[in-house]
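# A structural walkthrough
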Amino acid sequence: MANSTFLRFLLLLLYQYRSKHAGIAVISSLIVALLSAVLFISQSIQAETALQLKAQPDFVVQRIRAGKRIDVPVEWLEEIQEINGVSSVTPRVYGEYYFSPREEHFLLFGVDFFDEQSSKAIEKIVQETDLRKFLSKEQMIVGDGVKKFLQEHYYKGFYNFKNPDGEIIKVPVYSSFDKETNIISNDMIIMPMELLRSIFAMDEETLTDIAFNVPNEAEWDNVLTKLHLLHYDIRVITKEEITKSYHNLFNYKGGLFLALYLITIMTFILIIYQRYAMVAVGWSIKDVLKLKFFETSIIVLLSFINGVIIAYCYVYLFDAPLLSNLFLGSENLSNEVAFMPVVDFGLLGSIFLFFGIPFIAAVLIPVWKIAVTEPKEAMK
Amino acid sequence: MSEIFLSNEVLIYLLSESVIYVLILIAALLSLQLIIKWDFGSYSEIQFTLEKRAYLVMTIITFAFIVKIATLPYFAYGIDKLSDLVPGAMCASGVIGANEYGYPLLGLKIATVFISGTWIIINNLDLQSPNYPFFRIKTGLFLLIAILISIELFLDFTYFGNITTTKPVSCCSVTFGQQGGSNPLPFGLDTAKLLVLFYLFYFMTAISAIGRYAATGFVANILFLVTAYYAVVYFFGTYIYELPTHKCPFCMLQKEYYYVGYLVWASLFSGTFFGINSLPLKWFAKKDVLYTYKFSLFFNTLFVLLVSAYVLVYYLKNGVWL
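Residues numbered from 1 in each chain as written. Chains lettered and ligands numbered in written order. Predicted model: local features only at pLDDT ≥ 70, side-chain atom pairs only at ≥ 80, totals over all residues.

Moving on: the overall build of chain B. A tally of regular secondary structure across chain B gives 10 helices and zero strands. Start at the N end of chain B and walk to the C end: the helices and strands fall as α-α-α-α-α-α-α-α-α-α. Relative to the compact-globule value of 20 Å for 322 residues, chain B shows a C-alpha radius of gyration of 22 Å, a close match. Relative to its 322 residues, chain B shows a buried fraction of 38%. (Helix = DSSP H or I, 4+ residues; strand = E, 2+ residues; numbered from the N terminus. Rg over C-alpha atoms; globule rule 2.2 N^0.38 Å. Buried ≥ 20, exposed ≤ 12 C-beta atoms within 10 Å, placed from the backbone.)

Here it is, written out as structure tokens:
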């Protein structure tokens, strides 16, 4: 059989059953689109969190009593500074401020503006601030979500914090930081440490926790051992652990979705299996098989490409309305995230395998049935 | 259920493997029936139905094997992705070694892909001739592969089910690095001798491919596969990583090295696959299958040029050897 004849028959076949093919192709495209949209979102968020985590301190030390975190005494700071290989030891004072009418909370973060910062994101914010102007009175720098929240609730450039004794502390907003760092800092407020202590009524000589870096990765285990030898009531959180738990979380959300999605795929495949009986043409088995196989492959490929393009537009051009809540959660100040396009071949391959293999596998047997139909029967 | 199963890549990989396994199972049952009742001389209706069914079996198997070959690199990719989750693992090496099923699974997968490739070639030969001369050989071979794939699927699930995310595993520098000065190379070879053998075996494969000496090619390609494995891990790899202490067959699959590992291992496996297969095919078909020699020469040469280029480029850039 000449190649051009084969091609002509293939096109003819596709054209003749175009409405049937179109139906299958539209449904397949939608199935692929939904699947890829979820995987794209998950992939982007993972890439973004990885970027954020890089800017986080390597170690965080907390104090534990009765299984709960309590404040750390300031003396621990010097003890940690004496460990070899440790750098940018930062005392941190922070806490959640609960805004009861809306059932939302802000993350208040106290910063010693003259000290070295272990978090690179905060370091950047501190460097961009005109300290003389900022520190001239008690002010705060707020995240994007907080800024919007204040505007919506008629706080024009300030907020009245209430401390546990019932006193009202009015703090003006100095500036806000940009959208780039949105996932972690959306609901964050940065202010001088003393101001934060007065809002939460904390002791002068205590810290929430201590963050520091160990530039040499090979030393991480040694430092960990030394920390545990210092105190018995110590809890150390490493950046590795946080990265892993984030990874697990996204895997969990994406994986659960995939597992449920399996049912959809299987149902679809069953429908395909039953509906795929097409009129036989009465050629030799080999040629019909080949023809049908290529026909199916073209439909699979077209739906795959269509679906991926739809998902790409949905996620990266329109920022995935509705679906993004599945991953980001919407309980607190709403996160407005611009997804950055991260598409690798591994992901595309995954989508293709997940969709293409069951599809082709399902049509193999019906296609064979068509191929072996007697010409006599086919003409009936 | 372990959280490993929720990793997207693992989930999709296991789904593909299961779907393919269902197909293989159908094909195996039909094959059993075929091989028992097959009589090409007969003109009965049964034989006629069987011949039709043979087409179904052939189609299913061809599709299944193509997918099998495609999922081998995907398996490596999925394992590599897991290295973020498994403590201590920096690359696929640690994850593969996470439990006792990993290495047998990997070995079995490569073996299955090799034999499946042979099956596809025999099937093509069979289709080209008018009277199914290799029918019994290929059906028998397929039943053997079906058994291997059953074991493989079992290992797939036990392997992924038994990876723990709490127990640390050893990183590739522990598995492949020199411990206590002992020599990791077999037969007390040193790097210089290994390289001499590597190029020597390569020339043997090249000569047997050009001269179409199937038996020599068979031996030469097996020897070449083994030496090439050691040469890549203990010599060429260090140039790919540009670090004399980094010895690992898996890290080169990562993005940092532009995924070159896939090309390295694919060209080596393809080259030796065709080289080794020339002999059994000649034996079955009673004639030389010419393209196996061509492909063997092409892929082996590609592989050798690729790994040698890394060494030369490094030397030209830095003016020293590692």
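Now for the overall build of chain A. Scanning chain A from N- to C-terminus turns up 14 helices and 12 strands. The contacts in chain A between residues at least 6 apart in sequence include a share of 82% that link residues at least 24 apart. (Contact = placed C-beta atoms within 7 Å.)

A word on unusual backbone geometry. Positioned with a positive phi, S88(A) is a non-glycine residue whose angle comes to about 35°. Relative to the helices and strands, S88(A) resides in strand β4 (residues 87–99). Of the residues examined, S88(A) has 18 C-beta atoms within 10 Å and is grouped as partly exposed. At R212(B), a residue that is not glycine, the phi angle is positive and equals roughly 55°. With respect to the helices and strands, R212(B) occurs in the loop between α7 (191–211) and α8 (214–241).

As a further point, take helix α10 (residues 290–318) of chain B. Residue and element names in this part refer to chain B. For α10, which comprises 29 residues, the first-to-last C-alpha distance of 43 Å matches the rise-based estimate of 42 Å (1.5 Å per residue) to within 8%. Listed as buried for α10 are T292, Y293, S296, L297, F299, N300, F303, V304, V307 and Y310. At its buried positions, α10 is contacted by α7, α8 and α9 (260–285). Just downstream of α10 lies G319, where phi reads positive at about 75°. (Expected span 1.5 Å × (residues − 1).)

What follows covers the interface of chain B and chain A. Counting residues at the interface gives 22 residues for chain B, matched by 28 residues for chain A. When contributions to the side of chain B that touches chain A are tallied by element, the ones reaching two or more residues are α1 (8–37) and α2 (45–82) of chain B. Of the residues assigned to the side of chain B that touches chain A, the class counts are 14 nonpolar, four polar and four charged. (Nonpolar A, V, L, I, M, F, W, Y, C, P; charged D, E, K, R; others polar.)

All names here are of chain B. Looking at the assigned domains, one finds that chain B contains domain 1 (3–170) and domain 2 (178–318). When each unit is reduced to the centre of its C-alpha atoms, the spacing between domain 1 and domain 2 is 25 Å. Between domain 1 and domain 2, the contact holds 14 residues from the first and 13 residues from the second. Counting residues per element, the ones that place at least two in the side of domain 1 that touches domain 2 are α2, α3 (92–96) and α4 (102–128). No other element matches the six residues that α4 contributes to the side of domain 1 that touches domain 2. (Domains from an automatic or database assignment.)

By secondary structure assignment, the location of N216(A) is in the loop between β11 (209–213) and α9 (220–230). Residues N216(A) and V342(A) lie 126 residues apart in sequence; the distance between their C-alpha atoms is 30 Å.

Bringing the packing of α9(B) against α10(B) into the picture now. All names here are of chain B. Contact geometry of α9 with α10 gives a least axis separation of 8 Å together with a crossing angle of 150°. With respect to each other, α9 and α10 are oriented roughly antiparallel. Of the two possible hands of crossing, α9 and α10 adopt the one that is left-handed. Across the interface between the two elements, L263, V264, S267, L268, S270, G271, F274, G275, N277, S278 and L281 from α9 touch T292, Y293, F295, S296, F299, N300, L302, F303, L306 and V307 from α10. In terms of residue class, the contact of α9 with α10 is made up of 12 nonpolar, nine polar and no charged. (Axes fitted to C-alpha atoms, helices over the stretch in contact; angles between N-to-C directions. Parallel < 35°, antiparallel > 145°, perpendicular 65-115°, else oblique. Left-handed = near helix turned anticlockwise from the far one by under 90°.)

In summary, soluble globular proteins display a tendency toward joint burial of nonpolar side chains. By size, the foremost hydrophobic cluster in this structure holds 114 residues, and its most contacted members are A37(A) and V95(B). No other element matches helix α13 (residues 345–371) of chain A, which puts 16 residues into this core. With residues near it in sequence (within four places) discarded, V95(B) still touches I79(B), L82(B), S83(B), V86(B), A89(B) and I163(B). (Core = buried A, V, L, I, M, F, W, Y, C linked by C-beta atoms within 7 Å.)

Take the packing of α7(B) against α8(B) next. Residues and elements named next belong to chain B. Relative to each other, α7 and α8 sit at 145°, their axes nearing to 8 Å. Crossing hand, α7 versus α8: left-handed. Where α7 approaches α8, its residues T191, L194, L195, L197, F198, F201, Y202, M204, T205, S208 and A209 are matched on the opposing element by T216, G217, A220, N221, L223, F224, T227, A228, Y230, A231, Y234 and F235.

With that settled, consider the environment of L14(A). Residues and elements named next belong to chain A. If you trace the backbone, L14 turns up in helix α1 (residues 3–16). Sequence separation between L14 and K292 is 278 residues, and the spatial gap between their C-alpha atoms is 9.9 Å. Among residues more than four places away in sequence, those in contact with L14 are H21, E295 and I298.

Residues and elements named next belong to chain A. Alternating residues of strand β7 (residues 158–162) divide into Y159 and F161, all buried, and F158, N160 and K162, none buried. Here β7 pairs with strand β8 (residues 168–176) via five bridges, running antiparallel. Looking across to β8, one finds that Y159 is bridged to V171. Here β7 hands over to β8 after five residues, with G166 in that stretch at a positive phi of 95°. (Pairing = 2+ DSSP bridges.)

Another point: the environment of K68(B). All names here are of chain B. Positionally, K68 belongs in helix α2. For K68 and V113, which are 45 residues apart along the polypeptide, the C-alpha to C-alpha distance reads 6.8 Å. Beyond its immediate sequence surroundings of up to four residues, K68 is in contact with I20, T112, V113 and S116.

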